[in-house]
Each structure stands twice: as structure tokens, then as C-alpha cells.
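Chain and residue survey
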Amino acid sequence: MRSTVLLLSVWLFTCQGIYAYIVDPGPTVIATKGALWPKPKSQTISQRYSVIKRPTFHFQVVNQTCDILTKAIDRYQKIVLNVGNDSRRSLFGASRPEKISTRRSWRSDVNFNEYLEEVTVNLKAPCENLPYLGMDESYEIIVSETRATIESFSVWGTLRGLESFSQMAVLSNDGSMLYVNLTTVADSPRFSHRGLLVDTSRHFVTLCTLIKILDGMAYNKLNVFHWHIVDDHSFPYQSKVYPELSDQGAYHPSMIYTPHDVQNIIEEARLRGIRVISEFDTPGHTRSWGVSHPQLLTACYDQYRGKLGPMDPTKESTYTFLFKLFQEIVEVFPDQFVHLGGDEVGFECWASNPDVMEYMKQNRLYSFEMLEEKFIQRIVDQIDVLNRSSLVWQEVYVNGVRLPNGTVVHVWTGNRQDLLYRITSDGLPALLSSCWYLDHLSTGGDWRKFYNCDPHDFVGTQKQKNLVLGGEACMWAEVVNDHNILQRIFPRVSATAEKLWSQEEVTNTDDAARRLEEHTCRMNLRGIPAQPPNGPGFCI
């Protein structure tokens, strides 16, 4: 009798939903079919469809062209046709044996429009050579009863249009046809800076993997590769003027980025409409610089004796060294912006060093923040002299450095709403990253926390919000390397990508979950090992 009561209690307890384990078979989230990611600004979709004739399907350029467009068409031709490759078609057919006899039934389907053999690509203005902040990425797609076109006034918009069209091409449930619904799309991004930071110092990331990351970025319409190329732990960038930095500061001679490697990344990014912004963080995060150049760093005393701290801001030779390096950097990296870092500067060694303390006394610097401000001011002024613009982490702004007009302040921690309000109130442009740290892993399917963050969720005028250029997801590399970095980035960065591309009113996470389920499988098919976003499910 006692055991019966106990079992009844457990039954009642579980049936109240506390420990209930009642599930339906099949995927947790049913994927969409042919839905776009990121969600476009405007789209109408018909039930009618055209069947892509695989042997003769092609993109036809009818106006302006260039190497960027030619190579993109070659990539997307392969991507579209791979959706309907023979092995996938046989898998789809094998999973629906009862439908084999009805294959090619589309010919009698009232929604069948025609065969699609050609998509016209109309670039209406000459190509630009390099992507840049504020570039035009708008495009239109029309798949009608009589034509299929992708139109844009810029090559960058054409790239985004090709990506969207490639996402619309899907296999029928029985695998018998590759088709596209009749559709019109008018699309453009909400923010002009949609980035991904990748740290290649904590763990070296090979060129092959970096190019795969660029592919994944293009599939999500991200347009800035923020290359956090060096840090405390290693200096893999091979400098032409200071080759000893990587000779002695890299983990291993095989773990460096040669000038050819760097140009390869910049070129592969350019072909995908992605800017490459380099970051050489100073004055902190520079311990690897000191392996070859210990005189650059501050000698520690007292309990830190024998250690080296941040760069020594009291020596003129420090600034001479940095100016020579930055001269090289602006020649190597063509983007208008250089990220100077400026975050997480520890003051322990400065405080223990008698020369630093004497310098502060003679220059009437009453805090280490003032000393850091003096250092950063010199570096920002150097970049200004080189006719480039600076990106800095928020500490530089908070510590009161006088920033030239156009210097972008990058928010990564603390109260983002308050910081964005203050930065934009001072007329400075801003970027947001604090809610998009990909190294902060909650669960495998934690993309929703990234999706529920918006760069405009602070109180401010429209003028202030216009100063928010966008944001970046950050992949810090303490616990990722070549073996898991792609899975950690994708599809979680897709949530950030949609928040930065799609309109502000796009907030439905249930709709996003269905589209992301499809988009993850799409990336898998294209060679990106994106992890499952929503729990149990499958991809073919």
C-alpha cells in the first residue's frame, strides 16, 4: 500500500509538468524550406514555382562586371547546383519511397510555372574595388512567370542578392526537382558594420579555417572581419619591418601569418564583400611583443619583480617603434579603420616601477588612467597622421582621451545602454559587442540570448542612434582552435547577423528558430560544420 501511494505521488508530481518527459517524435523544430537568413526587408512569395534545369542553369551578367562578380557567380553557380546534387536527390527519394512513382509530377501541377535556365544579373553601376563602411548593399530579386533577375547598383549588393537567391533554391520533398518559388525581394541592411572578431593569438587558426570563416560570414551577410591578430600569448603576424616579433613571439615557426597569408585573407574577404580590420592592441595585451623587444614593456618591481607589464609609456622609443609598425600596418591593411585596442590595462607594474612614478610626478599625472590617456592620445594621433581612423575599446573613451572626429568607440562590457547613450551624446560613433561574446557558452543552442539584443535598445535621439554603426560578435580563442572554432561560431553568430541586417521589428524567435534550423543545414551542406541550433533534428 505504501509503495502504491508513492508511485501515485510520483505520477501526480511528474504530470504537473515538473519532471514530465512527454515528447513527440521527430525534430524539435521543423525547418522552413527556402526561407532567407537574415530575414529580408521585404519579400512576397507565391505558391507557384519554377524548376531549375540543372544541366543548363546559369547566371547571365547583362551590364557591368568585374573580377568580384565573375568569381562570385562561379561560387554561387556551384552552390545552387549542389543543393540538387545526385547524392542528395537519391537520399530524398529513398526517404520517401512511396512517392517514387509520382516523380516529375510537377509537370501536371497547377503551381508549376516553367523551367528556369537563366538568372539575369544586372549590376547597374561600375564595380568598386574595396568594401568600405557605408557601402551600398541593397539589391532586388524578381522571380516571375517570365523572368528571374538580380539587380543592384553596387557589386556589394549583387553579392548579397546572389546569396539570397542561392538560399531560395531547394529540393522537393521527394528529391525529384530543384525549384524556386516565384518571389520578389527588396532588401538592404539595417546597419552598415556587421562584424565578427576572431582572435588568432590565444590559439593559432590556420589559413584554411579562416577562409571557411569568411565563407560562413558571407552566407550570413556579415561584412567585417575584425582580425585580433596578436595578443599577450603569441605574435603570429610576420612584420616586414620587425620580423623578430613573430620569429620569437609566435608559438611555433609554423604558426605565423606571412605577408602572403595576410594578403590572401584580405583578397578572399574582398571577393566576398568583407572588410578586414586589423587590431594591434596597446598598451596592454602586449606581452608577446616583449619576447623580442623587452625594452618596449614596463619592468615590474616589488612582488612582480622579473615580470614585464604593459608598454612603457615614458619612453619616446616606444612611440617611435609603434609609428614605424603602424606605417606598415596601414600599407598592408587597406581598410580606413585600424583597431588600436586600449582595453584591460593592468596598472600593477606601472605602480611598482620607480621610473614610471617619477615620470608621472614630473608630468603632473595624478592617476594611472591619466598616464594611459597620455599613451593612447599619442597612438591615436599617429593613426590620424597616417590618414586613417581609429577604433578603440570603450576604456579609451571612459578614461577621457581626446578622440578625433570619426573615432569609433567599441562597447564590450558594463552597462551598454548607458555607454551607448554617453558615447553618442558626445557625437562619437559606436559599435556594440557586449551581448555577442561567442566564447560565453551557455548551452549548444544558446543563440536566442544573442538574438534578444539590439544596438538601439537605449534611450536616445534618432541622431544618437544613427551614430551606432552596428556591432560585432566576438570569438575569443582561449578555448577554441582549428578543431572547434567553426562549430562555436556557427550558427550562433547567425543570430547577431540577423539583428544587424534585418529590420528592428524582426523579433519573433519562434520564426527565427525554424529559419535557423534550415540555415544551419544549408551551411552544413556548404561545408560549414555549424552545430545544431535547436536540439534534436536532422539534415540531409
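Report follows, based on the coordinates. (Residues numbered from 1 in each chain as written. Predicted model: local features only at pLDDT ≥ 70, side-chain atom pairs only at ≥ 80, totals over all residues. Heavy atoms only, no water.)

Moving on: empty space enclosed by the protein. Tallied over the entire structure, the rule returns 2 cavities of 30 Å³ or more. Taken as a whole, the largest cavity holds about 40 Å³ of empty space. Taken together, R75, Y76, L159, R160, E163, A218 and R272 form the lining of the largest cavity. When contributions to the lining of the largest cavity are tallied by element, the ones reaching two or more residues are helix 2 (67-83) and helix 4 (155-168). Sort the elements by how many residues they give to the lining of the largest cavity and helix 4 lands first, with 3 residues. Residue classes in the lining of the largest cavity are distributed as 3 nonpolar, no polar and 4 charged. Lining the second largest cavity are L133, H193, R275, F337, L391, V408, L431 and L469. A per-class count over the lining of the second largest cavity returns 6 nonpolar, 1 polar and 1 charged. (1 Å grid on protein atoms, 1.4 Å probe; cavity = no way out; pocket = protein on both sides within 12 Å on 5 of 7 lines; lining within 4 Å. Points joined across faces, edges and corners; volume = space filled by probe spheres on them. Helix = DSSP H or I, 4+ residues; strand = E, 2+ residues; numbered from the N terminus. Nonpolar A, V, L, I, M, F, W, Y, C, P; charged D, E, K, R; others polar.)

Turning our attention to helix 8 (residues 316-332). For helix 8, which comprises 17 residues, the first-to-last C-alpha distance of 25 Å matches the rise-based estimate of 24 Å (1.5 Å per residue) to within 8%. Residues of helix 8 that are buried include every one of T318, Y319, F321, L322, L325, F326, E328, I329, V330 and V332, and no others. In the core, the buried residues of helix 8 are packed alongside helix 6 (244-249), helix 7 (259-271), strand 11 (275-279), strand 13 (308-311), strand 14 (337-339) and helix 11 (368-385). (Expected span 1.5 Å × (residues − 1). Buried < 20%, exposed > 50% of the residue type's maximum accessible area, 1.4 Å probe, protein only. Contact = heavy atoms within 4.5 Å.)

On inspection of all chains with the given rule, the structure shows 4 disulfides. The partner cysteine of C300 in its disulfide is C349, sulfur to sulfur 1.6 Å. Linking C300 and C349, the disulfide has an S-S dihedral of approximately 75° and is accordingly described as right-handed. Taken as a pair, C300 in the loop between strand 12 (297-299) and strand 13 and C349 in helix 9 (residues 348-352) lie far apart in primary sequence, 49 residues in all. For the pair formed by C300 and C349, the shared burial category is buried. The disulfide partner of C521 is C539, and the gap between their sulfur atoms is 1.9 Å. Judged by the torsion about the S-S bond (-75°), the C521/C539 disulfide is left-handed. Taken as a pair, C521 in helix 18 (residues 509-525) and C539 in the segment after helix 18 lie far apart in primary sequence, 18 residues in all. Taking relative accessible area as the criterion, C539 reaches 40% and is therefore assigned partly exposed. Taken in N- to C-terminal order, the disulfide-linked cysteines of the chain are connected 1-2, 3-4, 5-6, 7-8. The thiol sulfur of C474 is not disulfide-bonded, and the nearest other cysteine sulfur, from C435, lies at 9.9 Å. (Disulfide = S-S within 2.5 Å.)

Bringing the pattern of salt bridges into the picture now. On inspection of all chains with the given rule, the structure shows 27 salt bridges. When the shortest N-O distance is used, the salt bridge between E504 and R190 registers 3.8 Å. Within this pair, whereas E504 is found in the loop between helix 17 (492-501) and helix 18, its partner R190 is found in the loop between strand 8 (178-187) and strand 9 (193-199), the two being separated by 314 residues in sequence. In this structure, R272 engages D215 in a salt bridge whose closest nitrogen and oxygen atoms are separated by 2.8 Å. Of this pair, R272 sits in the loop between helix 7 and strand 11 while D215 sits in helix 5 (residues 207-219), placing them 57 residues apart in sequence. Given a relative accessible area of 6%, R272 falls into the buried group. Overall, D215 belongs to the buried group, its relative accessible area being 17%. A single network of salt bridges, built from pairs that share partners, joins K39, E498, D511 and R515. (Salt bridge = Lys/Arg side-chain N within 4 Å of Asp/Glu carboxyl O.)

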